[in-house]
Amino acid sequence: MTAANSESSAANSAVIVVTGLVKQFGRFAALRGVTVEFAPGRLYAILGDNGAGKTTLLRSLAGLTRPTRGSISMLGTKNLRAVCREIGYMAHPSLLYDEMSGMENLRYFARLYGISDARQSGERDSRCAEVITAVKLDPALARPVGQYSQGMRQRMSLARALLNDPKILLLDEPFSNVDVRSARQMAGLLAEMRDSGKTIFVVTHQAPLLDGVADEFVWMEAGQIVSRTRDLKSGEAR
Amino acid sequence: MSRAGSLTLATLAKDLRLEWRSKDAINSMLFFALLVVVIFSFSFDPTAEESRHIAGGLVWVAFLFAAVVALNQTWARELHNQVLDAYRVSPAPANALFLAKALGNFIFVSVLEALMTPLFIVFYNLRALGPAYQLPIVAALGTWALVVNGTFFAAMSLRTRSREIMLPLLLFPISIPALLAMVEATTSILTGEYSAKFWLVLLAAYDVLFTMASLLFFETVLHAE
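Structural notes, computed from the coordinates. (Residues numbered from 1 in each chain as written. Chains lettered and ligands numbered in written order. Predicted model: local features only at pLDDT ≥ 70, side-chain atom pairs only at ≥ 80, totals over all residues.)

Here we take up the overall build of chain A. Within chain A, the secondary structure is distributed over seven helices and nine strands. Taken over C-alpha atoms, the radius of gyration comes to 18 Å for chain A, in line with the 18 Å a tight globule of 238 residues would show. If one aligns the C-alpha atoms of chain A with their principal axes, the spans along those axes are about 50 × 45 × 35 Å. Each of the 238 residues in chain A was classed as buried or not, and the buried ones make up 42%. Across chain A, every contact between residues at least 6 apart in sequence was considered, and the portion connecting residues at least 24 apart equals 67%. (Helix = DSSP H or I, 4+ residues; strand = E, 2+ residues; numbered from the N terminus. Rg over C-alpha atoms; globule rule 2.2 N^0.38 Å. Buried ≥ 20, exposed ≤ 12 C-beta atoms within 10 Å, placed from the backbone. Contact = placed C-beta atoms within 7 Å.)

Before going further, it helps to spend a moment on the overall build of chain B. Within chain B, the regular secondary structure consists of eight helices and zero strands. Starting at the N terminus, the α and β elements of chain B follow one another as α-α-α-α-α-α-α-α. Dimensions of chain B, computed from C-alpha atoms along their principal axes, come out at roughly 55 × 35 × 30 Å. Intrachain contacts of chain B at a sequence separation of at least 6 include 85% that bridge at least 24 residues.

Once that is clear, we can look at the nonpolar core. By size, the foremost hydrophobic cluster in this structure holds 133 residues, and its most contacted members are Ile 46, Leu 170 and Val 202 of chain A together with Ala 67 and Leu 203 of chain B. In terms of residue count, the dominant contributor to this core is helix 3 (residues 48-79) of chain B (14 residues). Beyond its immediate chain neighbours, meaning those up to four positions away, Leu 203 of chain B contacts Leu 141, Gly 142, Ala 145, Ala 178, Ala 181, Met 182 and Ala 185 of chain B. (Core = buried A, V, L, I, M, F, W, Y, C linked by C-beta atoms within 7 Å.)

Attention now goes to the interface of chain A and chain B. In this assembly, 26 residues from chain A lie in contact with 21 residues from chain B. Within the residue set of the side of chain A that touches chain B, elements represented by two or more residues are strand 5 (87-90) and helix 3 (102-112) of chain A. When residues in the side of chain A that touches chain B are grouped by element, the largest group, four residues, is from helix 3 of chain A. The class makeup of the residues in the side of chain A that touches chain B is 15 nonpolar, four polar and seven charged. (Nonpolar A, V, L, I, M, F, W, Y, C, P; charged D, E, K, R; others polar.)

This part takes up helix 5 (residues 150-162) of chain A. Residues and elements named next belong to chain A. Under the 1.5 Å per step criterion, the end-to-end length of helix 5 is 19 Å for 13 residues, consistent within 8% with the ideal 18 Å. Burial within helix 5 is extensive, with 11 of its 13 residues counted as buried. All buried positions along helix 5 are accounted for by Met 152, Arg 153, Gln 154, Arg 155, Met 156, Ser 157, Leu 158, Ala 159, Arg 160, Ala 161 and Leu 162. (Expected span 1.5 Å × (residues − 1).)

Residues and elements named next belong to chain A. Within the open sheet, the six strands sit side by side as 5-6-7-3-8-9. Their pairing is mixed. Edge strands, defined here as strands with exactly one partner in the open sheet, are strand 5 and strand 9 (224-229). For this sheet the average axis-to-axis angle between neighbouring strands, irrespective of direction, equals 20°. Examined bridge by bridge, strand 3 (residues 43-48) and strand 8 (residues 216-221) share five bridges and lie parallel to one another. (Pairing = 2+ DSSP bridges. Axes fitted to C-alpha atoms, helices over the stretch in contact; angles between N-to-C directions.)

It is worth spelling out the pairing of strand 8 of chain A at this point. All names here are of chain A. In this structure, strand 8 lies alongside strand 9, joined through five bridges in antiparallel fashion. Its bridge partner lying in strand 9, Met 220 is registered against Ile 225. Remark: two residues form the turn of the hairpin made by strand 8 and strand 9, two consecutive strands paired antiparallel; Ala 222 in that turn has positive phi of roughly 50°.

What follows deals with the sheet that holds strand 2 (residues 28-38) of chain A. All names here are of chain A. Strand order across the open sheet formed by three strands is 2-1-4, with antiparallel pairing between neighbours. Single-partner strands in this sheet number two, and they are strand 2 and strand 4 (69-74). Adjacent strand axes in the sheet meet at a mean angle of 20° when their direction is disregarded.

Next up on the list: the packing of helix 2 (residues 24-43) of chain B against helix 5 (residues 94-124) of chain B. Residue and element names in this part refer to chain B. Where helix 2 contacts helix 5, the two axes come as close as 10 Å, and the packing angle between them is 20°. The orientation of helix 2 with respect to helix 5, classified from their angle, is roughly parallel. Regarding helix 2 and helix 5, the two cross each other, and that crossing is right-handed. Of helix 5, the residues touching helix 2 (which contributes Ala 25, Ile 26, Met 29, Leu 30, Ala 33, Val 37 and Ser 41) are Phe 108, Val 111, Leu 112, Leu 115, Met 116, Leu 119, Phe 120 and Phe 123. Among the residues making up the contact of helix 2 with helix 5, the classes are represented as 14 nonpolar, one polar and no charged. (Parallel < 35°, antiparallel > 145°, perpendicular 65-115°, else oblique. Left-handed = near helix turned anticlockwise from the far one by under 90°.)

Spelled out as structure tokens, the structure:
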């Protein structure tokens, strides 16, 4: 297969196609005509300075921010609500109720995704326990999330994003305030999930944690994607 | 039960659990309503006959002001840690969230009314001369009118910078017909001078109309930026 054919095949099977995406907040343009395609089963690290548009791009992909212009096609449809079951979103804030324990939080969010009904609460509990264990936390921890350390909260937030077993994971700063060892464990977990076929986007300022893990580094600047590199060093050398 | 119904109950149960643990809404509401009752009792010194004529207005104004305190809390806990975004990215229907919030507020305000009504009776020496069995109907219809609009407008003012001021500015004008019906119905029952039937029908119609309108537009409000 020629290189051209290979590129064309990747484009045809793109899991996300973004075309001319513009997002304006008043007079400020957070995204300025982003056009990009992402292939399935890959881990993308989205990098850039503060204000480069990384979080806005992620929120647009999650369907939380409506584009001013342009379009997003995900899993073959432009109706992002129709595919929201296939998307896991982790934001910079935890998206968890501080007054409830991790298990109580996940039980509630599991119901939002229709993960078993009340008669099968055992199934729901086992799924919640599974994702909590996957992020190296204890499902039996009865403490409210508000009393967790910042790192534990980040991991519980990742567990919430994994709850619906999404095909696409959108993670905004998953390693912030997490100690290096736990962050490396989380990066390893993300690599495993990528290997199992998930497409993962990680917005981070801690790019070295994803060196050797991410398939591609996507560099953003002033609301645009300025380059895509296979390794971190060549991107930094730009 | 339908998925929307089951999600409404799950969200309601979650809200009741959070309120039970924090007691944010109920404590501030009770304290506020108690202050209003005491201040009103110092301001007026009516005879029993006069009380029957003014109590409807006093009671509902006190409940309206106290309800605003709870209504402001409704969405505050969804904004903390941006938990509302977790709901917005999920496939759960927007109306299940709205109904759960409205039912939760209905329960909180009803608890407040149940606790405050005996105080009003004592402070104002109240006794109904009309059909007293209609009072709980007025209370239920009136409370729903306040909370359904309040929940909706609290959601609308969520993303405004001064949302705690915005809520009463939006809620009070639109509540005038309902407030008028509540006050008139309550006064008619307390004095026994005229029938409350017209005001009850008006209140029921108001409830149906604004519940339908809120359900119709809530999804747009939830996903607005």
